[in-house]
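These are the residues of each chain, in order.
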Amino acid sequence: MITGKFPSLRLRRNRKSDWSRRLVEENNLTPNDFILPIFLIDGKNKKQAIKSMPDVYRYTLDKISFVVDKAIKKGLPMIALFPYTEKNKKNDLGTEALNENNLVCKAIQLIKKKFKNEIGIMCDVALDPYTSHGHDGLFKSGYVLNDETIKVLINQSLLQAQMGCDVLAPSDMMDGRIGKIRKALDKENFKNVQILSYAAKYASSFYGPFRDAIGSKNSFKGDKKTYQMDFKNSDEALREISLDIKEGADIVMVKPGMPYLDIIKSIKEKFKIPVFAYQVSGEYSLLSNGIKNELVNKNIVFESLMAFKRAGANAIISYYADRLDKIL
Ligand code: PBG
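Residues numbered from 1 in each chain as written. Predicted model: local features only at pLDDT ≥ 70, side-chain atom pairs only at ≥ 80, totals over all residues. Heavy atoms only, no water.

Further remarks concern helix H5 (residues 177–187). Here H5 has its buried residues at Arg177, Ile178, Ile181, Arg182, Ala184 and Leu185. All buried residues of H5 lie within an arc of 165 degrees about the axis, which places them on one face of the element. With respect to the buried face of H5, the exposed residues turned more than 90 degrees away are Lys180, Lys183 and Lys187. Contact partners of the buried residues in H5: strand S5 (120–125), helix H4 (146–163), strand S8 (167–170), strand S9 (194–201) and helix H7 (235–247). Just past H5, the residue Asn189 takes up positive phi, approximately 70 degrees. (Buried < 20%, exposed > 50% of the residue type's maximum accessible area, 1.4 Å probe, protein only. Helix = DSSP H or I, 4+ residues; strand = E, 2+ residues; numbered from the N terminus. Arc of directions from axis to C-beta. Contact = heavy atoms within 4.5 Å.)

Encoded structure:
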């Protein structure tokens, strides 16, 4: 690798001018690398602030066209829809997930009708926005039931596919759900609906502000350690990823993002499959609040997003995706 030594070799030579640095740069970011999460809420004409996430809002359906139109104009390839569910629509079984008039279903239909295939729509497959206990699946005696939950997730997947969702993103971490969902989609002739598996999803305290955003903060007690991964582990992430690939995932995701760059890198090196990273709500809050400190500036956002690219992420889900013109 090393072709000479000092003083004939000087690595600073390539760095001395801006044009030279531009020529030798190894990574870059464009809007094509980003997915914008959008929070939905019931009602009319509302753009509701989320306390723990500066500059992120929940929108009512009548405001959605405006948000999506902006995303398209900024060149984003995909949006991700997340519903804030009113308490009276939640129950133990999360049945609102299977209501064809729920917020996500209505939003998919509205967006597809208006914008056709100009932008991709991704939807989570998991029950946590809809359950009164806030867990991602059916909860019994302190445990989230695996196989019983998958049955509901299959129906949630089929419903969202039927509404026009392009990319289903199981974020529940049940064992075996990717294979079962793929099989059901194929059987119902949704062969081209993609599966983006939250394959290496850690039980993380970085999700706090998101749970506030979707309204599960108060109902959720405890943790998700019996199904999401232990952040002490990395070999286990490779096992999770390899299983999801075998079961038919088109794309795999690592979540959270910045504290898990090692995981992104080893997955990319080992599997040569599209890998996405989720810069989650806690990372967003920390960065955004940090920027208010006069010694920190928005360039740190750019620097941290570039780190995802350098680690090997093909795309990033980021709450900054609607402000890339100010960041990149
Ligand atoms: C739901 C889900 C979560 C996030 C995305 N989908 C939270 C959780 O698992 O508790 C977190 C996203 C974020 O923090 O930005 N399964």
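In the contact formed by H7 and helix H8 (residues 261–271), the axes pass within 10 Å of each other and the chain directions differ by 45 degrees. Our classification of the angle between H7 and H8 gives oblique. For the pair H7 and H8, the crossing hand works out as right-handed. Only Ile263, Ser266, Ile267, Lys270 and Phe271 of H8 make contact with H7, whose side of the interface consists of Ala237, Leu238, Ile241, Ser242 and Ile245. Split by residue class, the contact of H7 with H8 holds 7 nonpolar, 2 polar and 1 charged. (Axes fitted to C-alpha atoms, helices over the stretch in contact; angles between N-to-C directions. Parallel < 35°, antiparallel > 145°, perpendicular 65-115°, else oblique. Left-handed = near helix turned anticlockwise from the far one by under 90°. Nonpolar A, V, L, I, M, F, W, Y, C, P; charged D, E, K, R; others polar.)

In the vicinity of the ligand there are 16 residues, among which Lys201, Arg211, Lys255, Ser281 and Tyr319 approach most closely. For the ligand, a nitrogen atom lies 3.3 Å from a polar atom in the side chain of Asp128. With respect to the ligand, the side chain of Arg211 contributes an N or O atom lying 2.7 Å from an oxygen atom. Bound to the protein, the ligand loses 100% of the 400 Å² it would expose on its own. (Near = heavy atom within 4 Å. Polar contact = N/O pair within 3.5 Å; in protein donor to acceptor, adjacent residues only side chain to side chain. Areas by Shrake-Rupley, 256 points an atom, 1.4 Å probe, with all protein chains shown as cover.)

On inspection of all chains with the given rule, the structure shows 10 aromatic pairs. Geometrically, the ring pair formed by Phe82 and Phe210 is edge-to-face, given 5.1 Å between the ring centres and 90 degrees between the ring planes. Here Phe82 is found in strand S4 (residues 78–83), whereas its partner Phe210 is found in helix H6 (residues 208–213), with 128 residues between them in sequence. Phe210 matches Phe82 in its accessibility class, with the two residues each being buried. When the ring of Tyr284 is compared with that of Tyr320, the centres are 4.6 Å apart and the planes differ by 45 degrees; the resulting orientation is tilted. A residue pair is termed long-range when its members are at least 10 positions apart, and Tyr284 in helix H9 (residues 281–290) and Tyr320 in the loop between strand S12 (315–317) and helix H11 (324–327) qualify at 36 residues. Of the two residues, Tyr284 and Tyr320, both sit in the buried class. Aromatic rings pair up to connect Phe39, Phe82, Tyr198, Phe210, Tyr278, Tyr284, Tyr319 and Tyr320 into one cluster. (Phe/Tyr/Trp six-rings, centres within 6.5 Å; stacked < 30°, edge-to-face > 60°.)

Another aspect to go through is the side chain of His135. Residue placement: His135 occurs in the loop between S5 and strand S6 (139–140). The contacts of His135, once residues within four sequence positions are left out, are Leu127, Asp128, Val144, Phe220, Lys221, Asp223, Lys224 and Tyr227.

With 105 residues, the main nonpolar core has Ile38, Phe39, Ile79, Leu81 and Met122 as its most contacted residues. Top element by residues in this core is H4. It accounts for 8 residues. (Core = buried A, V, L, I, M, F, W, Y, C linked by side-chain atoms within 4.5 Å.)

Glancing now at the pairing of S4. Within S4, 6 of the 6 residues are buried, which leaves the element mostly enclosed by the surrounding structure. Neither face of S4 is exposed, since Met78, Ala80 and Phe82 on one face and Ile79, Leu81 and Pro83 on the opposite face are all buried. Pairing analysis gives 6 bridges linking strand S1 (residues 34–40) to S4, with the strands arranged parallel. Residue pairing for S4: Ile38 is matched across the bridge by Leu81. Sheet topology places S4 next to S5; 4 bridges connect them, and they run parallel. Within S5, the position partnered with Leu81 by the bridge is Cys123. At this point the chain moves from S4, through helix H3 (residues 103–115), to the parallel S5, and the crossover so formed is right-handed. (Pairing = 2+ DSSP bridges. Right-handed = clockwise from strand over helix to strand, strands pointing away.)

So far we have only geometry, and geometry alone does not tell us how the molecule works.
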